[in-house]
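Take a look at the letters that make up each chain.
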Amino acid sequence: MSESGFNHKQIQTISIIHNMLSIQFGFKTSILEDNKASFLILNRKTESEKYLPFHTLDDENTIGSYEVTIDLHKEKDFFGQSGVWDVYIVVESEEDEYKRYRIVSNRQELNLIYYQYADMGTVFYPYTTNKMNLSLKTTKRSFISKVEDAYLSKDGLLNISGYVLDTKLMGAKHDMKKTLIITNHLDDEQYRLPLESVTRTDLTELYGDGIRNYDDIGFKGTFSIKEYLHTSELIYFRFYIELSYIDNGEEIVKVSPRLTFNPFNPLQSRRAKVIKIDGIDRRIFIKKTKVKSYLSVKVYVYNRSKEWKSRIRRKLTDIKRSRKIKALYKKAFKLMGYAPVRKKSVVFESFAGKQFSCNPRAIFEYMQDFNPEYKMYWSVDKKYMKNFEGRNLNIVPRFSIKWLFIMARAQYWVSNSRLPLWIPKPNHTTYLQTWHGTPLKKLAADMDEVHMPGTNTVKYKNNFLKEASNWDYLISPNAYSTEIFQRAFAFNKTMIESGYPRNDVLHVDNTTENMEALKQKFALPMDKKIILYAPTWRDNQFYGRGKYKFDLELDLNMLRDQLGDEYIVLLRMHYLVAENFDLTPYTGFAFDFSNYEDIRELYLVSDILVTDYSSVFFDYANLRRPMIFFVYDIEDYRDNLRGFYFDFEKTAPGPLVKTTEEVIQSIKEAEVNPISDKFNTFYDKFCYLEEGKSAERVVEEVFNKR
């Protein structure tokens, strides 16, 4: 604490009385002296901003106290619609430099401080993020609920307590019944447990503001997990609360969203016991999920030997990942780089060792047939070994001791994405960078801003260009790309303008017989045409570093209803997207091929492509088949995220649409007019080099000239 008792950037109190939101916070007075400062509220999705003044309560200490007030009724147009807002203090110095400071939460039960936009059917409230910052949220859900404590007793009983309220009924129903609803991930069975109401005068005293009464919102109950274990499979339990009451003689029933879990003691948020049930040891594990802090109970058969082996492996992994071990490994790699080169040895890697795909695969397959004298290895991330099984490859686990010896002494590296910056390229190694797309979105040094987690714009560009300086050769699919690559990557070595090797197969195997064979291979209906939906990722939609999310805006229900008699849909999401889409409701119509690494086969089997800003359309154009661009967020993507190298809206070789209805209409129109003059112009500019011989051109330039 500071001498004034306040913490820098942290809220002190927050309240909503009638329609007035008040936020008091601590901030270093030295930062605000002689500088202009504002309170910034930033919409997380649209990035719309609202700057507000704040006034001083106390600035006689190192950390002063300040307050901002907002009339929520007057700001209905801004806060009334569903959304999430992050809050900052923005300081403008005399040099016209701006700096934003995130406001930190004080761990209050902030969601109990709320305001209703009754005419809009929404509820506004502050909340604490997973990173302990303050944010504001408006939602159409009227429920506010939380599990505050959950623990296991010796006999396998789950004891649960917390609070739940429906903001639309607050203080109106004292005879309300609360029922715990438990579901699992294996079936549709639902378990119900009556809950006991608990008086919570403590919440009324803390957050009632003399207006609201929270006395009746508490609950507690005991759930016997062992009574519901009818399988030895791994099972996850999820929890909801049902509220029921009588209104004018009619029973009204409402069910809450899935319960969140924020225990009193964060250190006890993961609790586990091993209990013998039906003669079998089972481990019951209570936790909150990483993404949305839901209460989850995991139960599985416990094998003591396997468990200890797993713990030992995790401990060894922790040791391997320690800073000292990493430092030693880096030094060893550099030292091995001075060892004699292994002539005609090549290490291939695709998407950081996750896939057997793309340009590296195409070059590898060509060299298997025409350059068998080379010793070829595949660098593979251990978590993705299954993608490489049954292919008769020389697999080297990425960052293993074996990988160190082979990688450091290899004569050639072939990769389609950046290698870690810490890897020193030996003087004897030739690094062929194949890249993985024709640039539509701005790259590297051309990017105005970087929205990716774990980095910033300057750091990202510097790291990218530093790694690119190691490349000896870079593949380009056309003259357009060559110009951009040279500038964006600051690349001044040998550019191979060859077309992309991965697209050779699109010219060699583009036959009806191959399409039918692929349908059989994928167990797809032979009598249906195929829509391939392959969108890109959004830099600013992420859970954390390397884990991006994606909201499926395409309405599969509507597609199935209107096109299901003739078409099926294959989903191929970008490899960086972290979601696992549940397509169970669309069985027989929608198929998830996101983890199928050879997208070339998905191109060949598909009759039409639906994409957005993904570079897949440059490749798919080689097939001369219809393409539709589902660009529901084009203004935000074009202007705020990456920016485009050319006028995408005028040049795209297919219609640009923003709704599922328009996608359906475009598919129907493509059946009549599949290819336009604009498509032919596009093809002549971007696909003129690709005729089935790109891999041969690359191998002749890099491997056969030496």
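Above this note sits the structure.
Structural notes, computed from the coordinates.

## Description of the sheet that holds strand β30 (residues 529-533)
Taken together, the six strands give an open sheet; going across it, the order is β34-β33-β30-β35-β36-β37, and neighbouring strands pair in parallel fashion. Whereas interior strands pair on both sides, the edge strands pair on one side only; in this sheet they are β34 (590-592) and β37 (656-657). Sheet analysis places strand β35 (residues 608-611) next to strand β36 (residues 627-630), joined by three bridges and oriented parallel. From the neighbouring strand, Leu 609 faces β36, where its bridge partner is Met 627.

## Quick word on the packing of helix α6 (residues 358-370) against helix α19 (residues 694-702)
Interaxial distance between α6 and α19 falls to 9 Å at its minimum, and their mutual angle equals 75°. Viewed along their axes, α6 and α19 adopt a mutual orientation that is roughly perpendicular. The residues of α19 that touch α6, namely those facing Ala 362, Ile 363, Tyr 366 and Met 367, are Ala 695, Glu 696, Val 698 and Val 699. Partitioned by chemical class, the residues of the contact of α6 with α19 number seven nonpolar, no polar and one charged.

## Side note on the packing of helix α5 (residues 323-336) against helix α7 (residues 401-409)
It is at 8 Å that the axes of α5 and α7 come closest, and there the two elements cross at 35°. Once α5 is placed against α7, the crossing between them reads as right-handed. Contact with α5, carried on its side by Tyr 329, Ala 332, Phe 333 and Met 336, involves Ile 401, Trp 403, Leu 404, Phe 405, Met 407, Ala 408 and Arg 409 of α7 and no other residues of that element. Class assignment for the residues of the contact of α5 with α7 results in ten nonpolar, no polar and one charged.

## Regarding the sheet that holds strand β5 (residues 55-58)
One open sheet accounts for four strands, arranged β1-β2-β6-β5; its pairing is antiparallel. Taken across any chain shown, the strands that pair with only one partner, and hence form the sheet edges, are β1 (11-17) and β5. Within the sheet, the average angular offset between the axes of one strand and its neighbour, ignoring direction, is 25°. Note that β1 and strand β2 (residues 20-28) share six bridges and pair antiparallel. By the bridge assignment for β2, Ile 17 is matched with Met 20.

Criteria and thresholds
Residues numbered from 1 in each chain as written. Predicted model: local features only at pLDDT ≥ 70, side-chain atom pairs only at ≥ 80, totals over all residues. Heavy atoms only, no water. Pairing = 2+ DSSP bridges. Helix = DSSP H or I, 4+ residues; strand = E, 2+ residues; numbered from the N terminus. Axes fitted to C-alpha atoms, helices over the stretch in contact; angles between N-to-C directions. Parallel < 35°, antiparallel > 145°, perpendicular 65-115°, else oblique. Contact = heavy atoms within 4.5 Å. Nonpolar A, V, L, I, M, F, W, Y, C, P; charged D, E, K, R; others polar. Left-handed = near helix turned anticlockwise from the far one by under 90°.

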